[in-house]
Amino acid sequence: MTDAPNLRIAVIGGGPGGYAAAFLAADLGMNVTLIDPEANPGGVCLYRGCIPSKALLHVAKLIDEAHHASNWGVEYSDPKIDLPHLRSWKEGVVKKLTGGLGQLSKQRKVEYIQGRASFENSNTLRVSRASGSEDLLTFDRVIIATGSRPAIIPSLKLDTPRMMDSTAALDLSDVPASLLVIGGGYIGLELGTVYAALGSKVSVVEMLPGLLPGADRDLVLPLHKRIEKIFDSIMLNTTVAAVKEESGGIRVTFDGPEVKDREKVFDKVLVSVGRKPNSEIPGLDKTQVHVGPRGFIQVNKQLQTTDPAIYAIGDVVGEPMLAHKASHEGRTAVEVIAGHKVAFEPNAIPAVVFTDPEIAWCGLTETQAQKDNREIKVARFPWGASGRAMTLDRTEGMTKLLLDPQTDRVLGVGIVGAGAGELIAEGVLAMEMAATATDIALTVHPHPTLSETIMESAEVFFGTSTHVYRPKR
Ligand SMILES: Cc1cc2nc3c(=O)[nH]c(=O)nc-3n(C[C@H](O)[C@H](O)[C@H](O)COP(=O)(O)OP(=O)(O)OC[C@H]3O[C@@H](n4cnc5c(N)ncnc54)[C@H](O)[C@@H]3O)c2cc1C
């Protein structure tokens, strides 16, 4: 990798996109300024997204396992939740990670400014520091990495702590007796899982006919079944028509063909109906950057905006709004600035839902293949045939490969089951290496592990899976 010293680079936003870009730019010898309102880099992912949610989900899993232990001959008494302690543990994780990023910035001599940036022109930023001072700073290139924020539905906006977005839900100010989650996407289901484990009666309402729209239905089914057991109710094909605060909570009016109770009162309501890009950066109109109709900044595969001095990466440029996509885009943008011949064109970007069971997929989905009328072959391996799943008492999972019928090449991978989020990385590598079903079937996987389910689904494709009997025709 060649270096590009002496270039002055500004990165606006210190999330996983922004700090990954800033660090690589410094490693390549550029003079880097990273601007973010927080005391240290981290962005949404570390302060109020991926990391705190996964810390709480870890605790939820532990509580759940303790409940299940009686199935295995071990009895625990009901867990006592020390909320301030749990909160401070979660905050400690965030503090350690963001503090570590602050250290890494210093070591790399990145100038980290706690503050906000606006544009004076394509090369000049007005930086308002948290300390109160303001500077005009000029750069050769600017990378916009301002991320996203929770979407708000105006009719569901009530100025009360009983109405929460994901940030407020992660603050964990209390464990409400009842919680309604509006939106059956991954953020709502993950946070609903946390509150259900801590003792809330959780309901989820989704306007579409299924949870996790976009994910294949066969992957969602085992999760749906489990959520049915731990949540109070799942309302599909249902919208929230109105919310009103009253003395005992939030009165919610539901609308839809399957609605049983048209009105219900909840202690708290979590609104998680998607995220909006932070593209309303003051002064952006003084540049040539073009913002598309859904608010995403428009970029090409080199992450270049329509302004030659300005690049944009991460949530602010579009779906999938995921941390790992942001980081890879950030690094690609920096390489392009350094003059390397690169583009951001991955074969697969994994998506993981960290519920219990987890759902993970990459590449083509069956839903998409059907929409595109594309011929594929699907090989499924049920975890009931996995020794490792049996030892974990988690046989509800399933691994599937989507394959090209002509070449046997892996076009997509889908997994539902415990630890699916870790397993999917093999699928992503398989796709990036243009692996075929033969490659996967011939790769020796360790026994007994859940990773064998990927190998055996390739064997299923050939009708020769050791642990799945296929009668001869
Ligand atoms: C509850 C929750 C759970 C999630 N879990 C996962 C997960 O498990 N895995 C995953 O991949 N993704 C997850 N995400 C999504 C993930 O957080 C985002 O995709 C990721 O943070 C996007 O990174 P980014 O660098 O584009 O921007 P962000 O992380 O959004 O960071 C942008 C930063 O820019 C700052 N900023 C904005 N405007 C300005 C300005 N004018 N000047 C200076 N700074 C500015 C913001 O304050 C912010 O700090 C989750 C999100 C939420 C809310």
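Residues numbered from 1 in each chain as written. Predicted model: local features only at pLDDT ≥ 70, side-chain atom pairs only at ≥ 80, totals over all residues. Heavy atoms only, no water.

**Notes on the pairing of strand S2 (residues 31-36)**
It is a general feature of regular strands that their side chains alternate between the two faces of the sheet. The element S2 is extensively covered by neighbouring structure, given that five of its six residues are classed as buried. Inspection of the sheet shows strand S1 (residues 8-12) paired to S2 by five bridges, in the parallel sense. For Arg8, the partnering residue across the bridge sits in S2 and is Asn31. The handedness of the S1 to S2 crossover, carried by helix H1 (residues 16-27), is right-handed. Taken together, the four bridges between S2 and strand S3 (residues 111-119) define a ladder with parallel strand orientation. Of the residues in S3, the one forming a bridge with Ile35 is Ile113. (Buried < 20%, exposed > 50% of the residue type's maximum accessible area, 1.4 Å probe, protein only. Helix = DSSP H or I, 4+ residues; strand = E, 2+ residues; numbered from the N terminus. Pairing = 2+ DSSP bridges. Right-handed = clockwise from strand over helix to strand, strands pointing away.)

**Quick word on the packing of helix H3 (residues 50-68) against helix H6 (residues 186-198)**
Taken N-terminus to C-terminus, the directions of H3 and H6 make an angle of 45°; their axes are 9 Å apart at the nearest point. What the angle tells us is that H3 and H6 run oblique. The chirality of how H3 crosses H6 is left-handed. Each of Ser53, Lys54, Leu56, Leu57, Ala60 and Ile63 in H3 lies in contact with H6, whose residues at this interface are Glu190, Thr193, Val194, Ala197 and Leu198. Per-class residue counts for the contact of H3 with H6 are seven nonpolar, two polar and two charged. (Axes fitted to C-alpha atoms, helices over the stretch in contact; angles between N-to-C directions. Parallel < 35°, antiparallel > 145°, perpendicular 65-115°, else oblique. Left-handed = near helix turned anticlockwise from the far one by under 90°. Contact = heavy atoms within 4.5 Å. Nonpolar A, V, L, I, M, F, W, Y, C, P; charged D, E, K, R; others polar.)

**A few points about H6**
The end-to-end C-alpha distance of H6 is 19 Å, a good match for the 18 Å that 13 residues give at a rise of 1.5 Å each. Most of H6 is tucked away: 10 of the 13 residues are buried. Just downstream of H6, Gly199 is the residue with a positive phi angle, here 120°. (Expected span 1.5 Å × (residues − 1).)

**Details of the packing of aromatic side chains**
Applying the stated rule across the entire model yields three aromatic pairs. Ring centres of Phe254 and Phe266 lie 6.3 Å apart, and the angle between their planes is 90°; on these two criteria the pair is classed as edge-to-face. Placement of the pair is Phe254 in strand S13 (residues 249-255) and Phe266 in strand S14 (residues 263-266), with a sequence separation of 12 residues. The class of Phe266 is buried, set by a relative accessible area of 2%. An angle of 70° between the planes, with centres 5.0 Å apart, marks the rings of Phe461 and Phe462 as edge-to-face. (Phe/Tyr/Trp six-rings, centres within 6.5 Å; stacked < 30°, edge-to-face > 60°.)

**Quick word on the sheet that holds strand S8 (residues 163-164)**
Spatially, five strands are ordered S8-S15-S9-S10-S11 in an open sheet, and the strand pairing comes out parallel. Either end of the sheet is taken by a strand with one partner, and the two such strands are S8 and strand S11 (233-235). Relative to S11, strand S10 (residues 201-205) is paired through three bridges, and the arrangement is parallel. Bridge pairing in S11 links Val204 to Ile234. Of the strands in this sheet, S8, strand S9 (178-182), S10 and strand S15 (268-271) touch H6, which is tilted by about 165° from S10.

**Brief notes about the layout of surface pockets**
Reported here for the second largest pocket is a volume of approximately 1300 Å³. Lining of the second largest pocket is provided by 46 residues; of these, Gly185, Tyr186, Pro213, Gly274 and Glu319 occupy positions nearest its centre. For the lining of the second largest pocket, the secondary structure elements donating two or more residues are H6, strand S12 (239-246), strand S16 (275-277), strand S18 (351-353), strand S19 (358-363) and helix H9 (366-371). In terms of residue class, the lining of the second largest pocket is made up of 26 nonpolar, 15 polar and five charged. (1 Å grid on protein atoms, 1.4 Å probe; cavity = no way out; pocket = protein on both sides within 12 Å on 5 of 7 lines; lining within 4 Å. Points joined across faces, edges and corners; volume = space filled by probe spheres on them.)

**A closer look at the state of the cysteines**
All chains considered together, the criterion is met by one disulfide. A sulfur-sulfur separation of 2.4 Å characterises the disulfide bridge that pairs Cys45 with Cys50. Residues Cys45 and Cys50 are joined through a disulfide that is left-handed, its torsion about the S-S bond being -130°. Unpaired in terms of disulfides, Cys362 finds its nearest cysteine sulfur in Cys50, a separation of 18 Å. (Disulfide = S-S within 2.5 Å.)

**Quick word on the environment of Gly412**
Mapped onto the elements, Gly412 comes out in strand S22 (residues 410-417). Each C-alpha atom, one on Gly412 and one on Glu366, is 8.5 Å from the other, the two residues being 46 residues apart in sequence. Setting aside residues up to four positions removed in sequence, Gly412 forms contacts with Cys362, Gly363, Leu364, Lys400, Leu401, Leu402 and Met431.

**A look at the pattern of salt bridges**
Across all of its chains, the model carries 26 salt bridges by this definition. Note that Asp356 and Arg226 form a salt bridge whose closest N and O atoms lie 3.4 Å from each other. Of the two residues, Asp356 is situated in the loop between S18 and S19 and Arg226 in helix H7 (residues 217-230); the sequence distance between them amounts to 130 residues. Exposure remark for Asp356: the relative accessible area of 15% places this residue in the buried category. Classification of Arg226 by relative accessible area gives buried; the value is 19%. The closest approach of N and O atoms between Arg380 and Glu366, which form a salt bridge, is 2.6 Å. On the criterion of sequence distance, the pair formed by Arg380 in strand S20 (residues 377-382) and Glu366 in helix H9 is long-range, its members being 14 residues apart. Bridged by salt links that share partners, the residues Asp64, Arg226, Asp356, Arg394 and Glu396 form one connected network. (Salt bridge = Lys/Arg side-chain N within 4 Å of Asp/Glu carboxyl O.)

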